[in-house]
Amino acid sequence: MAISKSTLSTLIVIAATFLASCRTIAAEGQSHNLRVAIVGLEHGHVEGFLGALPSHHDVDLVGIADADSSLIAKYQQKYHLDQTLFYKSEANMIERVRPDAVLVYTSISEHRNAIGIAAQYGVSSMVEKPLTISYPDALAIREIANLHHVHVLVNYETTWYASNRAAYDELSHGQLGDLRRVLINDGHQGPKEIGVPPEFLNFLTDPEQNGAGALYDFGCYGVDLMTWMLHGEAPLTVTAVTNHDKPNLYSRVDDDATIVLQYPHAQAVIQASWNWPFGRKDMEVYGATGYAITIGADKLRVRRQGESEDHTADAPSLNSNERDSLSYLAGVLRGDIQDKGDQSSLDTNVTVMQILDAARESARTGQAVRLPRSNPH
């Protein structure tokens, strides 16, 4: 059947309009703001997220779920949040607002449940460190993530330190020789001493909700960094000693811990404490031919083979999608970052929980715990 010129012109216009619409929809799909929802308000780090949110113009907060009316009132007033954001139930919130991801600020013991609920809706999660309270819980979370094909990420403040990345690069580029020893210090004066909110202090000092005290709260940083630097390798043995230096403040959990990780050719000493005179998060990496020592979040002191003294320099800036947790989360969900083997990834943090579990057992028994050589990944 012959098509008239006028009909053909009309079809061409319709096709062009359709293609233009498709391109617009695709562009909007690629650039739409990341829709995130909060689950829980018990973890004080939620204030860091709410404070940083205005600077992230590509992230929208679409819901907050918490059953505690007093916490809802507290944060609604402090951050001038719309009443329509709040829900009593995580599941109800997800059904109503359909977020791209949930940010979990519950007690550590509630991470598994919050991740599981989100996963049932195909929604990814980012939790505050550590991943959970036990290695069996970590294995269950990994099974949930695999079953529902969702991302589960862990937010550590030190992941966004350019100094840690610079030390890692010095090692991986061969500037320090073979790794021999790592010393990692993390902690502060104590959660009560620095004035954390009461709901935060309540679960931090409850071993059933937090897993342990300083051993978990700050030991996880060093275990995470060491596991990252060794590309997921588990140590041969884990030895830990904990102290109760302030039993009047922390009667149920440790307030100081030392963890020693023994690898075939290297050793890590992780010092985690609620008893430092000042807050600190730093790392010393010693290789066979040099060392790199982090200074705060953005400086590094280095000495390499052949150099007569060390020198301090600014650490190179991190990539834009690795400078904070929200940028990283957006990068993962948009496919710009493959979350395998890095500090926030699930595979790394399953190993972290295996090590923390062993450290808790070592501190309890006074014996080193030997780990199986099979990689838990």
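Preceding this paragraph is the structure being described.
Conventions and cut-offs
- Position numbers for residues count from 1 along each chain, tracking the sequence in the order it is written.
- The predicted nature of this model means local features are confined to residues of pLDDT at least 70 and side-chain atom pairs, given and counted, to a pLDDT of 80 or more, with totals for whole chains, interfaces and linings taken over all residues.
- Values shown for side chains rest on all heavy atoms present in the structure; no hydrogens or waters enter the calculation.
- Any carboxyl oxygen of Asp or Glu within 4 Å of a side-chain nitrogen of Lys or Arg constitutes a salt bridge here.
- What counts as a helix is a DSSP run of H or I of at least four residues, what counts as a strand is a run of E of at least two, and both are numbered from the N terminus.
- Note on exposure labels: buried denotes an accessible area under 20% of the residue type's maximum, exposed denotes more than 50%, and partly exposed covers the range between, all computed with a 1.4 Å probe on protein chains only.
- Paired strands, as defined in this entry, are two strands with at least two bridges between them according to DSSP.
- N or O atoms within 3.5 Å of each other form a polar contact, as long as, within protein, one can give a hydrogen and the other can take it, and as long as residues adjacent in sequence are counted only when both atoms are side-chain atoms.
- We call two residues in contact when some of their heavy atoms are within 4.5 Å.
- The aromatic pairing rule takes the rings of Phe, Tyr and Trp, using the six-membered ring of Trp, and pairs them if the centres are within 6.5 Å, calling planes under 30 degrees apart stacked, those over 60 edge-to-face and the rest tilted.
- A positively charged side chain is recorded as over a ring if its NZ (Lys) or CZ (Arg) lies within 6 Å of the ring centre. The angle to the ring normal must also be within 35 degrees.
- A cavity, in this analysis, means grid points on a 1 Å lattice covering only the protein atoms where a 1.4 Å probe fits yet has no way out; a pocket is instead an open set bounded by protein on both sides within 12 Å along at least five of seven lines, and a residue lines either one if it has an atom within 4 Å of a point.
- Grid points are joined across faces, edges and corners, and a volume is the space filled by probe spheres set on the points.
- We call Asp, Glu, Lys and Arg charged. Ala, Val, Leu, Ile, Met, Phe, Trp, Tyr, Cys and Pro are nonpolar, and the rest, Gly among them, are polar.
- To define axes, lines are fitted to C-alpha atoms, for helices over the stretch in contact only, and angles between the resulting N-to-C directions are given on a 0 to 180 degree scale.
- Should an angle fall under 35 degrees it is taken as roughly parallel, and over 145 as roughly antiparallel, whereas 65 to 115 is taken as roughly perpendicular and any remaining angle as oblique.

Counted by the stated rule, this structure contains 15 salt bridges. Notably, a salt bridge pairs D217 with K129, separated by 2.7 Å at the nearest N-O pair. Pair noted here: D217 is in helix α10 (residues 214–217) and K129 is in the loop between β5 (124–128) and α6 (135–148), with a separation of 88 residues, a long-range link. Owing to a relative accessible area of 3%, K129 belongs among the buried residues under this scheme. Notably, a salt bridge pairs R304 with E170, separated by 2.7 Å at the nearest N-O pair.

We now examine the pairing of strand β8 (residues 237–243). Two elements, β8 and strand β9 (residues 256–262), share seven bridges in a ladder whose sense is antiparallel. Residue pairing across strands places V241 opposite T258, the latter belonging to β9. Note that β8 and strand β15 (residues 369–370) share two bridges and pair antiparallel. If you follow T237 over to β15, its bridge partner there is R370.

A few words now on the environment of G306. In this structure, G306 sits in the loop between β13 (299–303) and β14 (311–314). Given the relative accessible area of 82%, G306 is considered exposed. Separated by 59 residues in the primary sequence, G306 and P247 have C-alpha atoms spaced 49 Å apart.

Turning to the side chain of N210, a few remarks are in order. When you line up the elements, N210 lands in helix α9 (residues 207–210). Accessibility expressed as a relative area gives 2% for N210, which makes it buried. Only 2.7 Å separates the side chain of N210 from the backbone oxygen of A212, close enough to count as a polar contact. Here N210 is in contact with I108, I133, F203, L204, Y216 and D217, once residues within four sequence places are set aside.

Here we take up the packing of aromatic side chains. Given two aromatic rings, their pairing is described by the distance between the two centres and the angle made by the two planes. Inspection of the entire model under this criterion finds nine aromatic pairs. Aromatic pair F218 and Y221: ring centres 5.7 Å apart, planes at 20 degrees, arrangement stacked. Judged by its relative accessible area of 3%, F218 falls in the buried class. Among the aromatic residues, those joined into a ring-pair cluster are Y156, F218 and Y221. A cation over an aromatic ring shows up here: K129 above the ring of F218, its NZ or CZ 5.4 Å from the ring centre. The ring of W276 has R280 sitting right over it, with the charged end atom 4.5 Å from the ring centre.

Here we come to empty space enclosed by the protein. Tallying each qualifying case throughout the model produces one cavity of 30 Å³ or more. Forming the boundary of the largest cavity are T158, Y161, N164, I184, D186, L225, K281, D282, M283 and T294. Among the secondary structure elements, those contributing two or more residues to the lining of the largest cavity are β7 (179–187) and β11 (280–287). A per-class count over the lining of the largest cavity returns four nonpolar, three polar and three charged.

Next up on the list: the packing of helix α5 (residues 111–120) against α6. Contact pair α5 / α6: the axes reach a minimum separation of 10 Å and the direction vectors enclose 10 degrees. Here α5 is positioned roughly parallel relative to α6, judged by the angle of their axes. Facing α5, whose interface residues are R112, I115, G116, A119 and Q120, α6 presents D137, A140, I141, I144 and H148. When grouped by side-chain class, the residues that make up the contact of α5 with α6 number five nonpolar, three polar and two charged.

Moving on, we get to the layout of surface pockets. Considering only enclosed or pocket space, the largest pocket measures out at about 540 Å³ in volume. Along its surface, the largest pocket is lined by 28 residues, and G44, H45, G48, E128 and E157 are the ones closest to its centre. For the lining of the largest pocket, the elements supplying multiple residues, two or more each, are α2 (46–52), α8 (198–204) and α12 (325–333). At three residues, the largest contribution of residues to the lining of the largest pocket is made by α2. Residue composition of the lining of the largest pocket, grouped by class: 14 nonpolar, eight polar and six charged. The set of elements that each furnish at least two residues to the lining of the second largest pocket consists of α6 and α13 (346–365). For the lining of the second largest pocket, the leading source of residues is α6, giving three residues. Tallied by class, the residues present in the lining of the second largest pocket amount to five nonpolar, six polar and four charged.

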